[in-house]
Amino acid sequence: ELDEVEALWLNYLCLPPIDVILESASMMRIVNTWLRVYQDPQPLPIHRCCEDRTRLTLIKLPDQYEQLVAFIMQIAKCPTTGEKMLNPALCLRCGAVVCSSSSCCRRARTGMGTLHAEACGGGSCAFLLVQSCLVVLIHNGYGVTLS
């Protein structure tokens, strides 16, 4: 018996129930291919709120943009190099800060924003580029910038 959220996702993605996928040799070949492509020896840290993919709210931002910029620039350190981030991106779903437009955190030609979107929003996420005051929407590896 499927729970409601699983049934909605399967319906949205036009997929058969999980037990049908597991019993189908051809579907399992596809799943195994996906797993090999996305397998990463160092999993991304996932914020607690990201575990609940049914939560459709955004984080609360301070009233003054200057406060946000000062705070982010103070705490934003690259997890790979440990240095100050040049162009930090704030996840508007969970509040995580990731490197944007830099090669330091890329994994297999995939940027940190896309990797975080996969871990946090199931492939979809919204980021605020703090220094340029732009919003970037990412969905399944594609992004669009809103000014």
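Provided above is the structure to which this section pertains.
All of the points below concern the structure found in this document. These numbers were taken from a predicted model, which means no experiment stands behind them. (Residues numbered from 1 in each chain as written. Predicted model: local features only at pLDDT ≥ 70, side-chain atom pairs only at ≥ 80, totals over all residues. Heavy atoms only, no water.)

1. Some points on the sheet that holds strand 1 (residues 88-91)
For clarity, the cut-off: A pair of strands is treated as paired once DSSP finds two or more bridges between them. Every helix listed is a DSSP run of H or I at least four residues long, and every strand listed is a run of E at least two residues long, numbered separately from the N terminus. Axis angles are defined between N-to-C directions and span 0 to 180 degrees, where every axis is a line fitted to C-alpha atoms and, for a helix, only to the segment in contact. Two residues qualify as a contact provided that any one of their heavy atoms is within 4.5 Å of a heavy atom in the partner residue.
Pairing is antiparallel in the open sheet, where five strands are placed in the order 2-1-3-4-5. Strands at the two margins of the open sheet, each flanked by one partner only, are strand 2 (97-99) and strand 5 (142-146). Between one strand axis and the next, the sheet turns by 30° as a mean value, whatever way the strands run. Direction of pairing for strand 1 relative to strand 2: antiparallel, over a ladder of three bridges. Bridging from a neighbouring strand, Pro 88 pairs with Cys 99 of strand 2. Against the sheet, helix 4 (residues 65-75) contacts strand 1, strand 2 and strand 3 (124-129), and its axis sits at roughly 110° relative to strand 1.

2. Looking at helix 5 (residues 112-121)
Threshold: Exposure classes here rest on a 1.4 Å probe applied to the protein chains alone. A residue is buried below 20% of its type maximum, exposed above 50%, and partly exposed in between.
Counting buried residues along helix 5, nine of its ten residues qualify, which places the element largely inside the surrounding structure. Listed as buried for helix 5 are Met 112, Gly 113, Thr 114, Leu 115, His 116, Ala 117, Ala 119, Cys 120 and Gly 121. Looking at the buried positions of helix 5, the neighbouring elements they touch are strand 1, strand 2, strand 3 and strand 4 (134-139). Positive phi appears at Gly 122, one or two residues downstream of helix 5, with a value of about 65°.

3. Notes on the pairing of strand 3
With five of its six residues buried, strand 3 lies for the most part within the structure. Where strand 1 and strand 3 come together, three bridges link them in antiparallel fashion. Residue pairing across strands places Leu 90 opposite Leu 128, the latter belonging to strand 3. Examined bridge by bridge, strand 3 and strand 4 share six bridges and lie antiparallel to one another. In the strand pairing of strand 4, Ser 124 is matched with His 139. In this structure, the hairpin formed by strand 3 and strand 4 is closed by a connection of four residues, where Cys 133 is found at a positive phi of approximately 55°.

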